[in-house]
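Next come the chains, spelled out residue by residue.
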Protein chains: 4
Amino acid sequence: MIVVMQKGCSAEAIYNLMERIKGDGYDVHLSEGEERTIVGVVGHSPTPLKEENYSSMPEVEKVLRVTAPYKLASYDFHPNDTLVPLNGTLLGGEKVLVVAGPCSVESREQIIETAHAVKEAGATALRGGAFKPRTSPYSFQGHGEDGLKWMAEAREQTGLPIVTEVMSSELVPLVAEYADVLQVGARNMQNFHLLNACGESQQTVLLKRGMSSKLEDLLMAAEYVLSHGNSRVILCERGIRTFETATRNTFDLGAIPALQQMTHLPVVADPSHATGKWEYVEPVARGAVAAGADGLLLEVHLQPDKALSDGRQSLTPKRFRQLMENVRQVAQAIGRDA
Amino acid sequence: MIVVMQKGCSAEAIYNLMERIKGDGYDVHLSEGEERTIVGVVGHSPTPLKEENYSSMPEVEKVLRVTAPYKLASYDFHPNDTLVPLNGTLLGGEKVLVVAGPCSVESREQIIETAHAVKEAGATALRGGAFKPRTSPYSFQGHGEDGLKWMAEAREQTGLPIVTEVMSSELVPLVAEYADVLQVGARNMQNFHLLNACGESQQTVLLKRGMSSKLEDLLMAAEYVLSHGNSRVILCERGIRTFETATRNTFDLGAIPALQQMTHLPVVADPSHATGKWEYVEPVARGAVAAGADGLLLEVHLQPDKALSDGRQSLTPKRFRQLMENVRQVAQAIGRDA
Amino acid sequence: MIVVMQKGCSAEAIYNLMERIKGDGYDVHLSEGEERTIVGVVGHSPTPLKEENYSSMPEVEKVLRVTAPYKLASYDFHPNDTLVPLNGTLLGGEKVLVVAGPCSVESREQIIETAHAVKEAGATALRGGAFKPRTSPYSFQGHGEDGLKWMAEAREQTGLPIVTEVMSSELVPLVAEYADVLQVGARNMQNFHLLNACGESQQTVLLKRGMSSKLEDLLMAAEYVLSHGNSRVILCERGIRTFETATRNTFDLGAIPALQQMTHLPVVADPSHATGKWEYVEPVARGAVAAGADGLLLEVHLQPDKALSDGRQSLTPKRFRQLMENVRQVAQAIGRDA
Amino acid sequence: MIVVMQKGCSAEAIYNLMERIKGDGYDVHLSEGEERTIVGVVGHSPTPLKEENYSSMPEVEKVLRVTAPYKLASYDFHPNDTLVPLNGTLLGGEKVLVVAGPCSVESREQIIETAHAVKEAGATALRGGAFKPRTSPYSFQGHGEDGLKWMAEAREQTGLPIVTEVMSSELVPLVAEYADVLQVGARNMQNFHLLNACGESQQTVLLKRGMSSKLEDLLMAAEYVLSHGNSRVILCERGIRTFETATRNTFDLGAIPALQQMTHLPVVADPSHATGKWEYVEPVARGAVAAGADGLLLEVHLQPDKALSDGRQSLTPKRFRQLMENVRQVAQAIGRDA
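Residues numbered from 1 in each chain as written. Chains lettered and ligands numbered in written order. Predicted model: local features only at pLDDT ≥ 70, side-chain atom pairs only at ≥ 80, totals over all residues. Heavy atoms only, no water.

## Observations regarding the environment of F131(C)
Residues and elements named next belong to chain C. We apply this condition: Starting at the N terminus, helices and strands are each numbered in turn, a helix being any DSSP run of H or I of at least four residues and a strand any DSSP run of E of at least two. Only protein chains enter the accessibility calculation, which uses a 1.4 Å probe; a residue is then buried when its area is under 20% of its type maximum, exposed when over 50%, and partly exposed in between. Pairs of residues are marked as contacts when any of their non-hydrogen atoms sit within 4.5 Å.
Note that F131 resides in the loop between β8 (125-127) and α4 (145-158). Using a relative accessible area of 14% as the deciding quantity, one classes F131 as buried. Placed 27 residues apart in sequence, F131 and S104 show a C-alpha to C-alpha distance of 8.2 Å. Discounting chain neighbours no more than four positions away, the residues touching F131 are Q141, G144, E145, L148, E165, M167, L171, L174 and V175.

Printed below as a string of structure tokens:
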């Protein structure tokens with residue numbers, strides 16, 4: 001970490017800063033330039049190194065980070081890629097895995113029929129929401145535990161593991177009883193109680209990027225889960241909020257190679273939430289896979305025009321089958337499979 | 001609500017849409033233009049009116065809202081301004097109220113001494129964090145219930161009501177035992193479990209705008225609290241996330257008059273989190289009050305350079321006194337007081 | 001266009017609005033709902049239909065568009081895809097075309113050697129900047145006409161057509177003398193004098209999306225060129241500015257299918273400017289092609305670490321060859337070629 | 001400037017970097033930490049110091065700036081505040097100056113009558129557009145030189161200096177013949193030819209912040225003007241583009257104190273374009289002045305509902321008079337006048 005002092009700062013300010021740094025257990029590396037004095041914070045110490053330790057010291061102009069604030073999520077700590085087991089295969093490995101299903105679990109029949117349909121088309125896991133975070137209190141909020149039970153029945157029949165959202169820390173034990181993968185939604189990406197509870201559960205966690213989260217924030221959120229010794233974390237790019245309104249969110253394609261450079265955790269993409277329109281889902285799915293995504297999260301509904309939520313962005317089973325075929329071609333073109 | 005059909009849509013698609021609308025209990029108003037057929041959804045029905053009901057019907061191009069999706073938060077429902085009682089006065093009334101205190105409650109002595117200092121300078125309430133949402137799991141996470149107890153002691157000595165953050169639904173009962181105002185942080189603005197729990201608590205709620213929340217989203221979040229019959233909701237503009245990095249967030253000044261046109265709820269401003277630098281706090285505080293904010297939320301620390309969090313944006317008690325004086329002048333210039 | 005009146009608006013306001021609409025040559029379609037009165041503007045008239053015509057009328061709450069504001073760029077006007085001739089083939093057709101070359105033309109030798117290298121690897125056209133828009137007045141501003149001459153020489157030797165930026169309307173005649181395609185940069189996307197001059201030139205125009213431009217804005221900018229009878233316009237997604245800093249800009253993958261739904265004009269992608277780092281260029285290039293981009297714009301430099309601009313995002317000729325091969329695989333996987 | 005090397009970088013990479021730095025005329029300051037080697041670039045040299053010089057060298061992880069990239073706009077270069085003469089007083093001095101007038105000059109009568117009205121209410125200068133940058137080619141594009149002549153006539157009658165936009169470098173001589181202040185619009189903030197032409201003109205320049213421009217970008221644009229020896233530059237915050245749609249743009253209040261800390265140039269605010277609705281203009285104007293803005297740019301129209309552009313955000317002369325009174329109160333509350 002590097003502390004840049006204000007122009008013409010006093011010797012006292014430098015001295016006080018150096019004392020503070022040493023008090024935190026770090027060494028000091030002083031560089032007095034013609035324009036600015038720069039104080040390097042080097043070495044190791046149990047005290048976490050944070051900008052805020054020094055940024056409010058007198059006559060400090062700014063603090064620049066040299067290393068990333070996340071540790072367990074970085075290659076520095078874990079030089080090999082993390083592979084997350086899912087349905088007998090490994091997410092992050094050669095195969096591009098596809099998690100598909102409805103936005104909301106609407107009925108027992110619906111989820112079971114959908115599970116069969118997506119399995120047949122080649123999906124690796126089943127998604128479906130039992131507890132739904134809805135912008136409006138007047139929207140359908142999900143069937144709760146009934147939804148989880150119906151999903152479990154679908155799993156029994158198809159063998160597909162279940163990916164479902166958990167919205168609150170106190171629901172983690174209940175949801176973890178049924179689900180194979182705990183999904184943390186974009187709106188909860190910085191719900192730290194929830195992240196801690198997911199970490200403690202030791203279950204696989206699919207962590208969606210928040211709508212206004214930098215990749216660094218996403219990795220810091222992953223760090224909460226990882227810090228409980230739970231290393232099975234899947235990151236998900238699902239679009240960020242920008243000024244553009246032609247799509248529901250803005251799918252940040254560069255996030256895929258950037259995350260792969262920043263972290264050893266696998267990265268999947270959610271083209272349904274990113275675009276908000278089913279016509280755009282397949283092109284974005286193909287693009288994400290071509291750019292290196294390890295998997296896809298896709299909304300499939302038997303009758304999108306009757307869906308209780310997100311119908312506009314849901315694929316019919318028929319369109320999903322088509323997508324799977326096309327995505328497979330793209331995956332093979334880059335030396336993977338789907 | 002208005003449904004715009006695709007160019008050259010079929011009669012069947014229009015018919016099906018009309019049937020769907022009637023099935024939802026609404027009347028249809030058809031307008032066949034030369035370029036597009038437009039279907040108006042009019043009348044009243046117990047079925048909530050949502051874009052998604054119709055946007056995924058075949059041959060629908062788009063759905064346009066005519067009225068706002070929030071109800072209880074709107075003037076349509078509640079034509080008079082809501083005034084929220086705080087420390088014997090009314091937030092939303094003539095006086096601009098100031099809530100001040102440290103980011104984190106760091107010790108019993110700290111919070112008590114700060115409470116006296118801010119009271120003396122004219123603050124109406126004391127803020128302080130006992131449970132802290134921190135981007136990094138390695139940062140100080142707050143003293144928890146001890147912090148709440150120390151705040152309660154500070155209230156006993158000074159008479160200042162307590163504003164403090166509650167981070168999770170299961171903590172609402174505990175925090176509500178000590179706090180006068182439950183603060184919902186920006187990262188939790190769409191934590192719907194938490195909003196429901198705050199609504200049920202019937203305690204005053206200070207709801208901070210999420211970093212990527214439109215004003216409409218903020219009002220929908222308020223709607224969650226209001227829908228439990230809890231009308232004491234205070235909205236807080238605290239800056240949004242944009243591409244600008246010169247300030248920690250971007251303080252959206254236009255949000256103040258816009259919210260005052262959209263809702264009857266009082267609106268306060270948090271210049272500390274918006275700017276991230278204490279030098280900018282006073283100008284932004286003056287600006288927010290001049291634009292009509294009903295109150296301010298300000299971080300004050302006895303020794304900002306030793307703060308465990310947010311020291312860079314904290315005012316010393318001395319600077320806070322100066323700010324109070326200057327803000328009072330501005331409030332009086334627009335016919336209010338502070 | 002639909003005008004929503006304020007709740008409880010006066011008959012006079014409605015009357016005045018109707019008179020204004022009729023005065024503009026349109027018909028009125030009135031719908032008095034229980035909550036709001038809605039006035040439809042229908043029919044045809046030579047007066048362009050703009051929100052602002054009616055949004056400032058008394059007691060008007062808001063104006064909603066039914067049809068897009070762009071015409072010539074839309075399928076309504078031009079139902080077939082536009083194919084732009086480039087080097088004996090058609091951009092927008094089956095083949096994915098690649099335009100490659102250095103950010104800046106740095107010397108005669110450099111551009112000629114680069115032209116040979118990119119041609120050999122399969123590029124369809126040569127890019128290079130002779131006039132450079134630089135954020136800093138202290139940065140290299142380009143070799144001007146000399147650069148154009150050197151590019152023309154490179155074209156003579158390789159047969160590759162030239163794509164180069166024109167920064168100002170008064171430079172259009174000069175640049176058009178040498179260039180095959182006039183590039184309008186992101187910072188100039190709403191430089192309307194320049195757009196008009198490019199339109200008048202009747203030369204092919206490559207129009208880059210502005211950093212804060214919605215797709216609708218991009219199409220309105222294209223409309224300026226098209227309105228001069230110049231239909232050879234190529235749109236380019238090159239990343240938008242958001243809060244994310246891990247990449248130079250945020251590549252908006254959904255923009256590709258969205259534009260293809262909104263307009264008949266071909267769409268290319270610029271992964272170099274979108275990401276700012278050469279390591280991310282190939283994944284993003286593959287992703288853009290998989291999502292349906294008609295072409296790519298890529299920065300290639302003989303010695304990126306010695307480049308006068310944008311070295312960090314430039315590919316070496318060797319890496320470019322590798323990229324071409326991999327992109328070709330992806331193109332073939334979706335039934336195209338590259 | 002600080003260059004951070006990749007973890008475990010080679011001695012050769014460090015050596016080559018050091019040679020490059022020395023070749024640029026700078027000194028090297030090496031710091032080998034346990035985690036990363038850091039190379040400081042210190043001293044002075046005629047070669048401008050840019051990140052890109054070193055960021056594409058092998059094994060470089062990132063380059064961090066210590067000092068700002070703008071020079072002439074900074075206090076380092078010009079320690080005293082710049083005061084810009086306007087109508088016999090100084091912008092940047094004690095008085096808050098107000099520039100008012102219509103968005104477009106629509107007729108001789110209109111601009112003259114408006115000039116009298118705004119003068120009477122206390123405006124210091126007259127604004128009005130003769131050349132209009134319009135998103136749509138189908139919108140009114142301004143009266144051109146006729147508009148300038150009518151403004152000159154209005155100046156003759158009222159003594160108010162003229163502020164008007166110049167859209168293209170080749171128009172600078174014409175516009176400069178009539179105008180007292182050349183306005184560069186948000187969409188042209190990085191039209192570097194235009195900035196150079198304005199710099200050369202030696203006339204006062206009002207530079208509007210681009211919709212997606214960081215404050216640093218705005219200062220780099222100012223640097224273009226300043227580098228021609230033209231120091232009369234006024235900066236204007238007019239709202240940036242974000243995801244929020246309740247206002248036309250997002251007025252960034254923190255930009256005012258931030259700019260005042262970063263530069264000696266005066267800063268004015270444009271609440272009309274920032275908000276897009278006349279009801280929000282006065283609150284935002286009061287807020288900007290309370291936060292320290294040196295002036296205001298306001299749209300005033302005799303009959304906003306008949307305006308050819310921007311009627312929705314225009315004040316009537318009556319409302320403008322009221323605003324002037326209220327803004328004056330706020331200015332006096334912070335020890336200034338208006």
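Next comes the rest of the write-up.
## A closer look at the environment of R319(A)
Examined against the element boundaries, R319(A) turns out to sit in helix α11 (residues 317-333). A relative accessible area of 36% means that R319(A) is categorised as partly exposed.

## A few points about the sheet that holds strand β7 (residues 97-101) of chain A
Residue and element names in this part refer to chain A. Filter applied, for reference: Whether two strands pair comes down to DSSP finding at least two bridges between them. The axes are straight lines fitted to the C-alpha atoms, using for helices just the contacting stretch, and the angles between their N-to-C directions are given from 0 to 180°.
The strand order around the closed barrel formed by 8 strands is β7-β8-β9-β10-β11-β12-β13-β14, and the pairing between neighbours is parallel. The average angle at which neighbouring strand axes cross in this sheet is 25°, direction not considered. Summarising the sheet, strand β11 (residues 204-208) and strand β12 (residues 233-237) pair through 4 bridges and their orientation is parallel. By the bridge assignment for β12, K208 is matched with C236. Where helix α6 (residues 192-201) meets the sheet, its contacts fall on β10 (181-184) and β11, and the angle it forms with β10 comes to roughly 170°.

## Overview of the pattern of salt bridges
Heads up, the condition is: The term salt bridge refers to a side-chain nitrogen of Lys or Arg lying within 4 Å of a carboxyl oxygen of Asp or Glu.
Scanning the model with the defined rule gives 72 salt bridges over all chains in all. Across the pair E61(A) and R36(A) runs a salt bridge whose closest N-O atoms are separated by 3.2 Å. You can see E61(A) sitting in strand β4 (residues 60-64) and its partner R36(A) sitting in the loop between β2 (27-32) and β3 (37-42), a full 25 residues away along the chain. Note on E61(A): relative accessible area 32%, which makes it partly exposed. By relative accessible area, R36(A) is classed as buried at 9%. Between R36(D) and D76(A) there is a salt bridge, with the nearest N and O atoms lying 3.5 Å from each other. Of the two residues, R36(D) is situated in the loop between β2 (27-32) and β3 (37-42) and D76(A) in the loop between β4 and β5 (84-86); the pairing between them involves two chains. Owing to a relative accessible area of 39%, D76(A) belongs among the partly exposed residues under this scheme. Where salt bridges share partners, they join K7(A), R36(A), E61(A) and D76(D) into one cluster.

## Structural notes on the interface of chain A and chain B
Convention followed: Put simply, buried area is how much 1.4 Å-probe accessible surface two parts lose in total, over both of them, once they are put together.
Between chain A and chain B, the residue contacts involve 48 residues of the former and 48 residues of the latter. Of the roughly 4,100 Å² buried between chain A and chain B on both sides combined, carbon and sulfur atoms contribute 49%. Connecting chain A to chain B are 4 salt bridges. Here D217(A) and R241(B) are joined by a salt bridge, their closest N and O atoms 2.7 Å apart.

## As for the relation of the copies chain D and chain A
Stated precisely, the cut-off is as follows: C-alpha atoms of residues with pLDDT of at least 70 in both copies form the basis for the least-squares superposition of the copies.
Aligned on chain A, chain D shows an RMSD of 0.0 Å; the corresponding rotation is 180° and the shift along the axis is 0.0 Å. Taken together, these values place the two copies in the relation of a two-fold axis. No C-alpha of chain D approaches the rotation axis more nearly than that of F243(D), which lies at 2.1 Å.

## Examining the interface of chain D and chain A
Stated precisely, the cut-off is as follows: N or O atoms within 3.5 Å of each other form a polar contact, as long as, within protein, one can give a hydrogen and the other can take it, and as long as residues adjacent in sequence are counted only when both atoms are side-chain atoms.
On the side of chain A, 22 residues touch chain D, which itself brings 22 residues to the contact. Interface area for chain D against chain A, summed over the two sides, is near 2,000 Å², with a carbon-plus-sulfur share of 60%. The tally of links from chain D across to chain A stands at 4 salt bridges. Between D76(A) and K7(D) there is a salt bridge whose closest N-O contact spans 3.9 Å. Applying the counting rule to chain D against chain A returns 3 residue pairs in polar contact (both at pLDDT 80 or more). At the level of elements, β1 (2-5), β2 and β4 (60-64) of chain D are the ones that each hand at least two residues to the side of chain D that touches chain A.

## Observations regarding the domain arrangement of chain A
Interface size, as often reported, equals the accessible area lost upon joining of the parts. Applicable threshold: In this document the domain limits rely on a domain assignment from an automatic tool or a database.
What the domain assignment reports for chain A is domain 1 (2-64) and domain 2 (84-333). Relative to domain 2 of chain A, the C-alpha centre of domain 1 of chain A lies at a distance of 43 Å.

## A short note on the relation of the copies chain A and chain B
Think of it as a corkscrew move, a rotation about one axis and a shift along it, taking one chain copy to the other. Between the two copies, chain A and chain B, the superposition gives an RMSD of 0.0 Å; the rotation angle is 180° and the shift along the axis is 0.0 Å. Most of the interface of chain A is mirrored in chain B, where 100% of its interface residues are also at the interface.

## Observations regarding α4(C)
Residue and element names in this part refer to chain C. For the record, the criterion: Helix span, as expected, comes to 1.5 Å for every residue beyond the first.
End to end, α4 covers 20 Å across 14 residues, agreeing with the expected 20 Å (1.5 Å per residue, within 8%). Within α4, burial applies to G147, L148, W150, M151, A152, A154 and T158. In the core, the buried residues of α4 are packed alongside α3 (108-121), β8, β9 (162-165) and α5 (172-178). Of the residues flanking the end of α4, it is G159, one or two places downstream, whose phi is positive at about 80°.

## Details of the packing of aromatic side chains
Threshold: Two rings belonging to Phe, Tyr or Trp (six-membered ring only in the last case) form a pair when the distance between their centres is within 6.5 Å. Interplanar angles under 30 degrees mark stacking, angles over 60 mark edge-to-face geometry, and anything in between is tilted. For a Lys NZ or an Arg CZ to count as sitting over a ring, it must be within 6 Å of the ring centre and within 35 degrees of the ring normal.
As enumerated under the stated definition, the model contains 4 aromatic pairs over all chains in all. Taken together, a centroid distance of 4.6 Å and an interplanar angle of 25° make the contact between F192(A) and Y224(A) stacked. Of this pair, F192(A) sits in helix α6 while Y224(A) sits in helix α7 (residues 215-226), and the two are 32 residues apart along the sequence. The pair F192(A) / Y224(A) is uniform in exposure class, with both members buried. The cationic tip of R319(C) hangs over the ring face of W278(C); the distance from NZ or CZ to the ring centre is 3.5 Å.

## Things to note about helix α3 (residues 108-121) of chain D
Residues and elements named next belong to chain D. End to end, α3 covers 20 Å across 14 residues, agreeing with the expected 20 Å (1.5 Å per residue, within 8%). Three or more residues of α3 are buried, namely Q110, I111, I112, T114, A115, A117, V118 and A121. Among the structural elements, β7 (97-101), β8 (125-127), α4 (145-158) and α11 (317-333) are those in contact with the buried residues of α3. Note on α3: the residue one or two positions beyond its end, G122, has a positive phi of about 110°.

## Concerning the nonpolar core
As a reminder, the rule being used: In plain words, nonpolar cores are sets of buried Ala, Val, Leu, Ile, Met, Phe, Trp, Tyr and Cys residues tied together by side-chain atoms within 4.5 Å.
F320(A), F320(B), F320(C) and F320(D) are the most contacted members of the largest nonpolar core, which has 340 residues in total. Discounting residues that sit within four places of it in the chain, F320(D) has contacts with V98(D), A100(D), V118(D), A121(D), A123(D), L298(D), V300(D) and L315(D).

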